[in-house]
Amino acid sequence: MSQSEFLKAMGVEVYRLRPQREAQENPPLVPESDQWEQPEIHLTENSEEVVLPPSQTVEKPVTIADSLADLELAAVEEIALKCERCSLSRSRNHVVFGSGSEDADLMFIGEAPGEEEDRQGLPFVGRAGNLLTSMITALGCERDNVYICNVVKCRPPNNRDPLPSEAKACNHFLRRQIELIRPKVIVALGRVSAQLLLDTEIPLGMLRRKAYKFQDTDIDLVVTYHPAYLLRKPTEKAKSWDDLWDVRVLLND
Ligand code: URA
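Draft legend 1. A look at the overall build of the protein chain. The secondary structure content of the protein chain amounts to 12 helices and six strands. Each of the 253 residues in the protein chain was classed as buried or not, and the buried ones make up 47%. In the structure as shown, the protein chain presents an accessible area of about 13500 Å², 48% of it carried by carbon and sulfur atoms.

Draft legend 2. Expanded view of helix 12 (residues 237–251). Given a rise of 1.5 Å per residue, 15 residues ought to cover 21 Å, and the 21 Å separating the end C-alpha atoms of helix 12 matches this to within 8%. Most of helix 12 sits out of view: 11 of its 15 residues are buried. By the burial criterion, the buried members of helix 12 are Lys 237, Ser 240, Trp 241, Asp 243, Leu 244, Trp 245, Asp 246, Val 247, Val 249, Leu 250 and Leu 251.

Draft legend 3. Looking closely at the environment of Lys 213. Mapping Lys 213 onto the fold places it in strand 5 (residues 212–213). For the pair Lys 213 and Leu 198, spaced 15 residues apart in sequence, the C-alpha to C-alpha distance is 9.1 Å. Side-chain polar atoms of Lys 213 contact the side chain of Asp 220, separated by 2.9 Å.

Draft legend 4. Region of interest: the confidence of the model for the protein chain. For the protein chain, the average pLDDT comes to 86, and 80% of its residues sit at 70 or higher. Of all helices and strands in the protein chain, the one with the weakest mean pLDDT is helix 2 (residues 19–24) (45), whereas strand 3 (residues 147–150) scores best (99). Scored below 50 in pLDDT, residues 17–53 shows 62 contacts in the model against residues more than four places distant or in partner chains.

Draft legend 5. Structural detail: the pattern of salt bridges. Applying the stated criterion to the full structure yields 10 salt bridges. With its nearest N and O atoms 2.5 Å apart, the salt bridge here joins Glu 179 to Arg 176. Separated by three residues within a single helix, Glu 179 and Arg 176 lie in helix 8 (residues 164–181), roughly one turn from each other. With a relative accessible area of 10%, Arg 176 lands in the buried category.

Draft legend 6. Representation of the sheet that holds strand 5. Strand order across the open sheet formed by six strands is 1-3-2-4-6-5, with mixed pairing between neighbours. With one partner strand each, in any of the chains shown, strand 1 (99–100) and strand 5 form the two edges of the open sheet. Pairing geometry for strand 4 (residues 185–189) and strand 6 (residues 220–224), over five bridges, is parallel. Bridge pairing in strand 6 places Val 185 opposite Asp 220.

Draft legend 7. Quick look at the site of the ligand. Inspection of the region around the ligand gives Gly 110, Glu 111, Ala 112, Glu 117, Pro 123, Phe 124, Asn 150 and His 226 as its neighbouring residues. Within the contact set of the ligand, an oxygen atom lies 2.8 Å away from a backbone nitrogen or oxygen of Glu 111. Measuring from an oxygen atom of the ligand, one finds a backbone N or O atom of Phe 124 at 2.9 Å. Relative to its unbound accessible surface of 240 Å², the ligand loses 91% to contact with the protein. Here the residues of the shell around the ligand are counted per class, giving three nonpolar, three polar and two charged.

Draft legend 8. Layout of the side chain of Ser 240. With respect to the helices, strands and loops of the structure, Ser 240 is situated in helix 12. Ignoring sequence-local partners within four residues, the contact set of Ser 240 consists of Phe 6, Met 10, Thr 224 and Leu 230.

Draft legend 9. Here's a closer look at the packing of helix 4 (residues 73–81) against helix 8. Packing of helix 4 against helix 8 leaves a shortest axis separation of 10 Å and a crossing angle of 165°. For the element pair helix 4 / helix 8, the angle class is roughly antiparallel. Considering the relative orientation of helix 4 and helix 8, their crossing is left-handed. Two secondary-structure elements touch here, helix 4 through Leu 73, Val 76, Ile 79 and Ala 80 and helix 8 through Phe 173, Arg 176, Gln 177, Leu 180 and Ile 181.

Draft legend 10. Structural context of the side chain of Glu 117. With respect to the secondary-structure elements, Glu 117 resides in helix 6 (residues 115–120). Of the side chains with opposite charge, Arg 155 comes closest to the buried, unpaired Glu 117, at an N-O distance of 7.0 Å. At 3.0 Å, the side chain of Glu 117 forms a polar contact with the backbone nitrogen of Gly 126. When neighbours within four sequence positions are excluded, Glu 117 is seen to be in contact with Val 96, Leu 122, Pro 123, Phe 124, Val 125 and Gly 126.

Cut-offs used in this document
- Residues numbered from 1 in each chain as written.
- Predicted model: local features only at pLDDT ≥ 70, side-chain atom pairs only at ≥ 80, totals over all residues.
- Heavy atoms only, no water.
- Helix = DSSP H or I, 4+ residues; strand = E, 2+ residues; numbered from the N terminus.
- Buried < 20%, exposed > 50% of the residue type's maximum accessible area, 1.4 Å probe, protein only.
- Areas by Shrake-Rupley, 256 points an atom, 1.4 Å probe, with all protein chains shown as cover.
- Expected span 1.5 Å × (residues − 1).
- Polar contact = N/O pair within 3.5 Å; in protein donor to acceptor, adjacent residues only side chain to side chain.
- pLDDT = per-residue confidence, 0-100.
- Contact = heavy atoms within 4.5 Å.
- Salt bridge = Lys/Arg side-chain N within 4 Å of Asp/Glu carboxyl O.
- Pairing = 2+ DSSP bridges.
- Near = heavy atom within 4 Å.
- Nonpolar A, V, L, I, M, F, W, Y, C, P; charged D, E, K, R; others polar.
- Axes fitted to C-alpha atoms, helices over the stretch in contact; angles between N-to-C directions.
- Parallel < 35°, antiparallel > 145°, perpendicular 65-115°, else oblique.
- Left-handed = near helix turned anticlockwise from the far one by under 90°.
- Lys, Arg positive; Asp, Glu negative; His and termini not counted.

Written out as structure tokens, the structure is:
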């Protein structure tokens, strides 16, 4: 798919390509070195283990992370569906755990479910979800063959940003999902997801267009705009092409 076809699929009217834009139509397979830097940011350990001095011979406490460690995805989901680790459990209609292929090479991680997702119990099924589906198609993938989930599994009231404490309460589910899916590439959709996965407060605009590995794994991580932001600011859709191009290159590596 060409850039103009991609933009059309994303609902952007393409009138005319300037010469330098045409040159971007087939960017080199190996990204320009000035656009890609070596990863330096890593996700910090966010476990709730109590660290005891070596002299104390008390048994290691069982943490939520420990309790998920041997479980397969369906069993982790079963636990998540009953989760009451934060107050979002009191206002939710459904826990939105995730959907897609367990063998996916590509994993999209959004922020938190919205109204429609909370109603259906599925991620990205509202307007932003339709745009995400277009982005997935533009990558030459099918939605059923990727895995989609969120940092936070329950809808924050009035679609506010999830609180750090809510993200922390859900983090063990997300980590186990990543461990089990073991994708080639993770796409962080938007600021909340990117900042959590990279354990940073750097603004989204500065996080884009850089190469990262997720934590200490060999999983590539690409940061891009959240589809809901692209719906509000359609002029930014063209930039998401560059991010998706990186994803495509990494997937075909
Ligand atoms: N926005 C998100 O971040 N996730 C969804 O599932 C839907 C909208």
